[in-house]
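If you want the building blocks of each chain, they are given just below.
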Amino acid sequence: MRLLICEVKKLRHSFAMALMIIVTISLTLLLILSGTNVQLYMVAGPGLDSALPEKVGGTIGFISNAIDSARVGDSVLRTVFSYTVFWIPISIFFSVSFYSMDFRTHSIQVSKAHGIPIVKIILAKSISLISIQSLLYCLYCICTVYVKAIQFGVDWQTLNFNLFFSVVVTNLLLMGVLSSEAILLFTLFQNSFFCVIALFVYHACVLCLYPNSFARFPETLGVGRLFYQSSPVYYLMNSCSLSFEYVSLATSLCYGSIMMFILITSAILIAKYFKE
């Protein structure tokens, strides 16, 4: 517990933390100031056959301010989650930046010299950075859902908060997978630049290619199925659009939980048996 507190204190004074706070405030303000202007990011689905993908469900991607008259409340929730697309690169950069900090400055050697096992060090770093990221994302969602409900004339007390919090938790796990990927990659290669670029390129490819495959083969996704389904971005594009026809929330929750465990455990084993 003491080590975890130390990591949180260290994070509070880091550049990564300052960046995350600035980004959280910026994204909150940008979404609020977007008013009722429809914004679409990496969208695909049958709804695109019409003027706008207004219908909630069936259309994947990040959809902001498109109102389904039959499900106005859910349209507000979908709008709140639309800017999660910008959290993806920020989550990667934040995770690599903070996790690699002690390795770059060699201060991790001091912890080892004091007899702190590498297992505890990695766990403390992982828990602290994922927890802070989750807290900021929750604040962003709570602030924006209240304001967007007012903008669309919806009584926020009538919103489906069971759905809202289910998607928030799912998204937190999926972004935790992004952080866990960064932790594993850096543990393997000890190179911040390579980790950031590798993760950016892979998830950018999923963001760009998955909508096209979904539009052509919504059920099978064609030959790139495994490539897409290995990425948390694939699940985020379904959860954030409230499109559960092909990827249920339960599936995304299971994927997020299992992958976080596998990735963090792999990082610990590699650091313990191959990097010491």
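Residues numbered from 1 in each chain as written. Predicted model: local features only at pLDDT ≥ 70, side-chain atom pairs only at ≥ 80, totals over all residues. Heavy atoms only, no water.

**A short note on a nonpolar patch on the surface**
Put simply, the test is: Patches draw on residues past 30% relative accessible area with no salt bridge. Two like charges within 9 Å are joined, as are two nonpolar side chains (Val, Leu, Ile, Met, Phe, Trp, Tyr) within 5 Å. Accessible surface is estimated by sampling points in the Shrake-Rupley manner with a 1.4 Å probe; for residues, cover comes only from the protein chains shown. A pair is scored as a salt bridge if a Lys or Arg side-chain nitrogen falls within 4 Å of a carboxyl oxygen belonging to Asp or Glu. For helices the rule is a DSSP run of H or I covering at least 4 residues; for strands it is a run of E covering at least 2, with both sets numbered from the N terminus onward. Note on exposure labels: buried denotes an accessible area under 20% of the residue type's maximum, exposed denotes more than 50%, and partly exposed covers the range between, all computed with a 1.4 Å probe on protein chains only.
A cluster of nonpolar residues, Phe-15, Phe-93, Phe-193, Ile-197, Phe-200 and Val-201, forms a patch on the protein surface that exposes about 600 Å² of accessible area. Here the element with the most residues in the nonpolar patch is helix H8 (residues 192-216); it accounts for four residues. Of the residues examined, Val-201 reaches a relative accessible area of 47% and is grouped as partly exposed.

**Focus on the environment of Ile-60**
The following threshold applies: A contact between two residues is defined here by any heavy atoms of the two lying within 4.5 Å.
Structurally, Ile-60 is set in strand S2 (residues 60-64). For Ile-60, a relative accessible area of 0% corresponds to the buried category. Distance in space between the C-alpha atoms of Ile-60 and Tyr-235 is 9.7 Å, their sequence separation being 175 residues. Beyond its immediate sequence surroundings of up to four residues, Ile-60 is in contact with Met-42, Val-43, Ala-44, Tyr-210, Pro-211, Phe-214, Met-237, Asn-238, Ser-241 and Ser-243.

**Topic: helix H7 (residues 161-189)**
Helical periodicity: at 3.6 residues per turn, an α-helix aligns residues three or four positions apart in one direction. This is how it is decided: A helix is expected to span 1.5 Å multiplied by its residue count minus one.
Between the first and last C-alpha of H7 there are 42 Å, a value that for 29 residues agrees with the 42 Å anticipated at 1.5 Å per step. Of the residues one or two after H7, Gln-190 is the one with positive phi, at around 55°.

**Considering the pattern of salt bridges**
Evaluated as defined, the whole model comprises one salt bridge. Salt-bridge contacts for Arg-71 lead to Asp-74; the nearest nitrogen and oxygen are separated by 2.7 Å. Relative accessible area serves as the criterion here: at 12%, Asp-74 is assigned to the buried category.

**Comments concerning the environment of Tyr-137**
The line we're drawing: Any pair of nitrogen or oxygen atoms within 3.5 Å is treated as a polar contact; in protein, a donor-acceptor pairing is required on top of that, and neighbouring residues in sequence qualify only through side-chain atoms on both sides.
As for its position among the elements, Tyr-137 is in helix H6 (residues 118-151). As a C-alpha pair, Tyr-137 and Asn-171 span 34 residues in sequence and 9.1 Å in three-dimensional space. Of the polar contacts made by the side chain of Tyr-137, one reaches the side chain of Thr-84; its length is 2.7 Å.

**Observations regarding the packing of aromatic side chains**
What counts, and what does not: Classification of ring pairs rests on two measures: the distance between centres of Phe, Tyr or Trp rings, Trp counted by its six-membered ring, which must be within 6.5 Å, and the angle between planes, read as stacked under 30 degrees, edge-to-face over 60 and tilted in between.
Applying the stated criterion across every chain, the model contains 18 aromatic pairs. Geometrically, the ring pair formed by Trp-87 and Tyr-137 is edge-to-face, given 5.2 Å between the ring centres and 85° between the ring planes. Of this pair, Trp-87 sits in helix H4 (residues 84-105) while Tyr-137 sits in helix H6, placing them 50 residues apart in sequence. On the accessibility criterion, Trp-87 (0% relative accessible area) is buried. Under the relative-accessibility criterion, Tyr-137 is labelled buried at 0%. A network of ring pairs unites the aromatic residues Tyr-202, Tyr-210, Phe-227, Tyr-228, Tyr-234, Tyr-235 and Tyr-255 as a single cluster.

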